[in-house]
Structures are given as C-alpha cells and as structure tokens.
Amino acid sequence: MHDKTVSELARDLAEGKVSSVELTRHFLNRIQQEDSRYNSFITLCEEQALADAEAADQLRARGEATPWTGIPFAHKDIFCTDGIRTTCGSRMLENFVPPYNATVTDNFRQAGAVCLGKTNMDEFAMGSSNESSYFGAVTNPWGENRVPGGSSGGSAAAVAARLVPAATATDTGGSIRQPAALCGITGLKPTYGRVSRYGMIAFASSLDQGGTMARTAEDNALMLNVMAGFDPKDSTSIDRPVPDYTASLNQPLQGLRIGLPKEYFSDQLDPAMAAQIQAAVKEYEKLGATVKDISLPNANLAIAAYYVIAPAEASANLSRFDGVRYGYRCDNPKDLMDLYTRTRAEGFGAEVKRRILVGSYALSAGYYDAYYRKAQQVRRLIQQDFINAFKEVDLIMSPTSPSPAFVRGEKTTDPVTMYLEDIFTIAVNLAGLPAMSVPAGFVNGLPVGLQIIGDYFAEARLLNAAHQFQQVTDWHLRSPV
Amino acid sequence: MAISRDDIEKVALLARIQVDDAQAAALEQDLGNILSLVDQLQAADTTGVEPMAHPLDAVQRLRPDEVTEGNQRERFQAIAPATEDGLYLVPKVIE
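Residues numbered from 1 in each chain as written. Chains lettered and ligands numbered in written order. Predicted model: local features only at pLDDT ≥ 70, side-chain atom pairs only at ≥ 80, totals over all residues. Heavy atoms only, no water.

*Asks:* Just to check I follow, could you spell out the layout of surface pockets for this structure?
*Replies:* In this approach the atoms are scanned with a rolling probe the size of a water molecule, which exposes any empty space left behind. Residue and element names in this part refer to chain A. Volume-wise, the largest pocket comes out at about 660 Å³. Lining the largest pocket are 29 residues; nearest its centre among them are Cys80, Tyr100, Tyr198, Gly199 and Arg320. When we break the lining of the largest pocket down by domain, the ones giving at least three residues each are domain 1 (6–254) and domain 2 (300–377). Taken as a whole, the second largest pocket holds about 450 Å³ of empty space. Lining the second largest pocket are 18 residues, and of these Glu263, Ser266, Gln268, Ile423 and Phe424 lie nearest its centre. (1 Å grid on protein atoms, 1.4 Å probe; cavity = no way out; pocket = protein on both sides within 12 Å on 5 of 7 lines; lining within 4 Å. Points joined across faces, edges and corners; volume = space filled by probe spheres on them. Domains from an automatic or database assignment.)

Right, dumping it as structure tokens:
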C-alpha cells in the first residue's frame, strides 16, 4: 500500500478498495516501525490524524469527496498547525504550539487530507544537509551515513522511505530541490508569491516559497492544485488565476526548446553527474525537444548575493524570538538585556547564530550600501540573465546539486563548503522563478536530480515536462526500501 | 574583508546574542570566510542597476483600515513564558 502514489491511493479510496482510516493506520504504523532509522519526523499527530481520517470517510460516504479527501501526508515542521507543536527544527520553538494554522495547513485541511505529522528540517530552514536540526540529523534512506540534503530533508527522506506519499516543503535557496535530488524523489519550488507564506515561519522573506514533494510529477501537480492561490494574509502573494496543474500533464513535448547554461556544465562538474544529466536531456530530445547552449553570465555571483540577502532578512525576521511572547526563555534572567542575549544564545543553534550575525553586520551602519544594496543590484543582473534566456528557450536544465548525497559530517567544518552545495539552485530563488528536481539516474548507487527551471508562473509547463519524462524513464520508481 | 574581534562583539550586541570568548574566536574565522565569499560581489559592475527587492517588483497592497481580527489575548498569552493580569512579564526595567 505504501508503494502507491497519491493519485493511485485517491483511486483506491474512490473505488472503495480501502478506507482513509485503514490508510492512515497503515502509514502511522509504518512511521512508528521504520522512522527510528531515518529520524524524518519531529512530531506525530496520531489522534488528530485518525479523527481526520474518520471524518474523511464520512465525507466520502456522503458523496462529498475531493481528490485529497482521506489522503495521508506530512507537513514540514515550518508550517504552523493549530494545536500541534511546530518547532522549525529549533530549541527556540521546542514547545511552541501555534494558536493558528498556516494558509497551506488550512488548504490541506479544507481539501480533506490527513496530516500524519511534522517532518524534521534544518533549524529555521538554514542548511543543506539536515544536520543543523535541534532534533538530530536525518538519514538518507539511500545510505546509512548519507545526508538527505536540506533544509526539507525530513520531508524528502519520509517520501523516499515510503512513510508518506507526499509532504510539504519550503525552498529559500534550494531546500526543496536539493533534498528531492539527494533522496531520489520529485520536488517543485513554485514562483515566488504563488503559494502563501502566511504561517510559514519566515527565514528570508523575499526568497522563501512553499512547495511540494512526492514521488511523481503528477502527485506534485495534485499538491500544487491545493496549495497555490492568492492569500490576502500574505502581502507578497500574487493575485493571479490558478490553473488545474493536472490538466496539461499529457501534452506532447514536440517543439519544446531546452537551454543548457554553459556556466552549470563547466569543467568542474563531476563527469559522472554530467553524464546522467546529458542522458536525461537526450530523453527530452527523443520526446521532440530541441536543445541549445545558453549563458547565464552572472550565475557565478548568485551564492555571494544570496549570502548577503538571506542572512540580512533572517536577522530581521528572527529578531522576534526574544523570550517574551512565545518560545524559549532562559532561566533566571538578571535583567532585560540578559533575558534577550541569553535566550537567543541558548535557543538558537550555531548556524542560525552565524547567519543572524552576518546579516546584522551586512545591515549595520556603514556597510548597508556595500553589502545589502550591492547584493540587490546583483540580484537584478541575475534575474535579467534568466529573462534574456527565456526569450530563446522554454525551459532551462542542469544538475540540481553538484554531487549525490554526501557523507554526514563531510561539510560541517567550514560553513562556506556547505553553502556551495546550492550552487545550481540559488539563482532561481534570487530571480523568483519556479523550478523542479526530477530523478534522473544514479551515481555510485545514489540518486541524481535533474533541475528544470521555468519562466514565471510556468509551473504547469514544468510539471508537464517532468511528467512526460517519467512516462519514458523509471528513475522515480526506484525505491531505497 | 577581514572581521575583527571588536566587530564580532559589536554585532553580537546588535543582534542580542551572548557570545563567549571561545565562540567569538570561532565566529571570527567563520564570519571571515563568509565575508570573503560575499566579497566577490564587489567585482560586479552594477552602475545604474536598480536594486531588486521583490522578484516581480510588486508593491505593498493596502487594505481598508478596518478591524478584521477579534481579540484572542488569552489564547496568545497561554503560550507565553510568563504573564500576569493580561501582561507579559519581563525582568524589572525601571528602578
């Protein structure tokens, strides 16, 4: 049962082959039995899940079911869930029970989906390996000592290990695409503003975007159908119609124009990775696509711009954690300053503190123009590269990550080594574009992800391209369990 | 750009994060590495380039100035570390 996709489970539920209560029990049991190996969940909500599953079965009996009614899934522990602990992977929020739902949480509740629990993540979504979680590292189901990627590593590992058929995720610099690649699943980061950020704990507000993780492109489309849309509670949400993302999955790719950025296929790219990506591109040619080399001349500046903008915004966003209104508070503060400084020293982990300090430095008097303003100017140059590229091509393809899943501890000594993990994903966030990672082969027994980047609001086209690829390949069907 | 111990202490105070000596030494190294990474930006020619704050250059929406959320003080204060009579408690600020 756990090998089935969301769309297969929806069919089984519709045909009465299984009930939501049975499905929910099955997946909850599986998590309880298997997750000690992966640590992909921080919190399980069994009671709520079983109650929701019963309600879903009753709804179905009354003939009021939608495609998501009764489907079990998980939320990244960054989406606020009313009455259910939401930690964001931090000691700061270890006991935080939100008094409200994120809009994404409400979307899935209204669709009748059954949330089984909250998945592990890098603390405040800052990391590319899931090693910065206060609740312990997550293990990649493809290798005992391998990281699942990050920051949505818990969601990716849970989907890969067949503990849930789908999970929500967020992507600020690659946090959906890179773990999807490293765990051999399919993930989509939508256009900035497509999915509401309300109740999604903020890291870098001009970059953060909620998105989807599942095994197939079709399931990602089903998820996006629920998540996408305008939200008056998110001041950066975009008011634009939402198509049915499943409607265009089967369109032929004849005449599709694919661009390969030469900056992403340099001599430094591991030849084994390059070979897998080239083979995937060949499949697209067989499907009728044309391929040309393109250039993103400012791509090499993306990491530098990101590591000013993201920490600067994080330092402002995380100033709300002051030990006064909610979250962790240090013991016996001697005065207000001691309360603030010790609460934050004890409540935040090392990587979060580094980023807050870098951000505070970049925004401090005398440095703002040299860092933040300069980075925002470079950001526009990077965006302009993509705008120019999309005059010539429909989609851009590259590897999602420079290498497959690395060994735990390999990149934790120098933070900059970890930052380079996102070299192919970060420019997309700076530009605000939608992009996917799709399973496209293996290197040394570990999954490789193909990144597909689309123009603004081209999610339907991305999902169509990914779905067509999955009709002629079986990489997405390979299972580590 | 190199970052000094003084800079670390100043910025830690600005960010309201207590940093001990051992941590300050490690941060000097780590932040130094991060700042040399971001210093690549200085090589870019950005003359006349408008800074970009929002990928779609959207501006803040305004809404009518009307109350839309009811008072939920008790619910919100139920998760606070310390409250009394509807107020948040902090160490004494004024003598």
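*Asks:* Got a minute to help me understand the packing of aromatic side chains in this structure?
*Replies:* The description of an aromatic ring pair rests on the distance of the ring centres and on the angle between the ring planes. Residues and elements named next belong to chain A. Considering all chains together, one arrives at 20 aromatic pairs over all chains under this definition. Measuring from ring centre to ring centre gives 6.0 Å for Phe442 and Trp475, while their planes differ by 55°; the resulting arrangement is tilted. Taken together, the positions of Phe442 in strand E10 (residues 435–443) and Trp475 in the segment after helix H15 (459–472) put the pair 33 residues apart, joining distant regions of the chain. The class for Phe442 is buried, based on a relative accessible area of 18%. Judged by its relative accessible area of 26%, Trp475 falls in the partly exposed class. Ring-pair connections join several aromatic residues into one group, and the members of that group are Phe96, Phe124, Phe321, Tyr326 and Phe348. (Phe/Tyr/Trp six-rings, centres within 6.5 Å; stacked < 30°, edge-to-face > 60°. Helix = DSSP H or I, 4+ residues; strand = E, 2+ residues; numbered from the N terminus. Buried < 20%, exposed > 50% of the residue type's maximum accessible area, 1.4 Å probe, protein only.)

*Asks:* I would appreciate a short explanation of the nonpolar core in the present structure.
*Replies:* Residue and element names in this part refer to chain A. In this structure, Trp68, Phe108, Phe124, Tyr284, Phe386 and Leu430 are the most contacted members of the largest nonpolar core, which totals 169 residues. When residues of this core are assigned to their parent elements, the largest contribution, 11 residues, is made by helix H9 (residues 302–317). Two domains each put at least three residues into this core: domain 1 (6–254) and domain 2 (300–377). Listed in part, the 6 residues of the second largest apolar core include Val147, Ala405, Phe406 and Met418. (Core = buried A, V, L, I, M, F, W, Y, C linked by side-chain atoms within 4.5 Å.)

*Asks:* Hey, could you run me through a negative patch on the surface in this one?
*Replies:* Residue and element names in this part refer to chain B. Taken together, the side chains of Asp6, Glu9, Asp20 and Asp21 define an acidic patch exposed on the protein surface. Here Asp21 is to be found in helix H2 (residues 21–38). Classification of Asp21 as exposed rests on a relative accessible area of 58%. (Patch = residues over 30% accessible without salt bridge, like charges linked within 9 Å, V, L, I, M, F, W, Y side chains within 5 Å. Areas by Shrake-Rupley, 256 points an atom, 1.4 Å probe, with all protein chains shown as cover. Salt bridge = Lys/Arg side-chain N within 4 Å of Asp/Glu carboxyl O. Lys, Arg positive; Asp, Glu negative; His and termini not counted. Charge placed at Lys NZ, Arg CZ, Asp CG, Glu CD.)

*Asks:* How should I be thinking about the domain arrangement of chain A in this particular structure?
*Replies:* It is common to give the size of an interface as the accessible area lost on bringing the parts into contact. All names here are of chain A. In terms of domain boundaries, chain A breaks down into domain 1 (6–254) and domain 2 (300–377). Computed over C-alpha atoms, the centres of domain 1 and domain 2 are 27 Å apart. Both sides together, the interface formed by domain 1 and domain 2 hides about 1,700 Å², and carbon and sulfur atoms give 66% of it. A per-residue breakdown of the area domain 1 buries against domain 2 is headed by Arg91, Met92 and Met126, which together make up 41% of the total. At the boundary of domain 1 and domain 2, one finds 0 salt bridges. Along the contact surface separating domain 1 from domain 2 lie 10 residue pairs in polar contact (both at pLDDT 80 or more). Partitioned by chemical class, the residues of the side of domain 1 that touches domain 2 number 9 nonpolar, 7 polar and 2 charged. (Buried area = accessible area lost by both parts, 1.4 Å probe. Polar contact = N/O pair within 3.5 Å; in protein donor to acceptor, adjacent residues only side chain to side chain. Nonpolar A, V, L, I, M, F, W, Y, C, P; charged D, E, K, R; others polar.)

*Asks:* What am I meant to see in the interface of chain A and chain B here?
*Replies:* The interface of chain A with chain B comprises 70 residues on the first partner and 49 residues on the second. Buried area between chain A and chain B, both sides added, is near 5,300 Å², and the carbon and sulfur share of it is 67%. In terms of surface lost to chain B, no three residues of chain A exceed Leu357, Tyr361 and Arg380 of chain A, which account for 13% of the buried area on that side. Counting every contact that joins chain A to chain B gives 3 salt bridges. (Contact = heavy atoms within 4.5 Å.)

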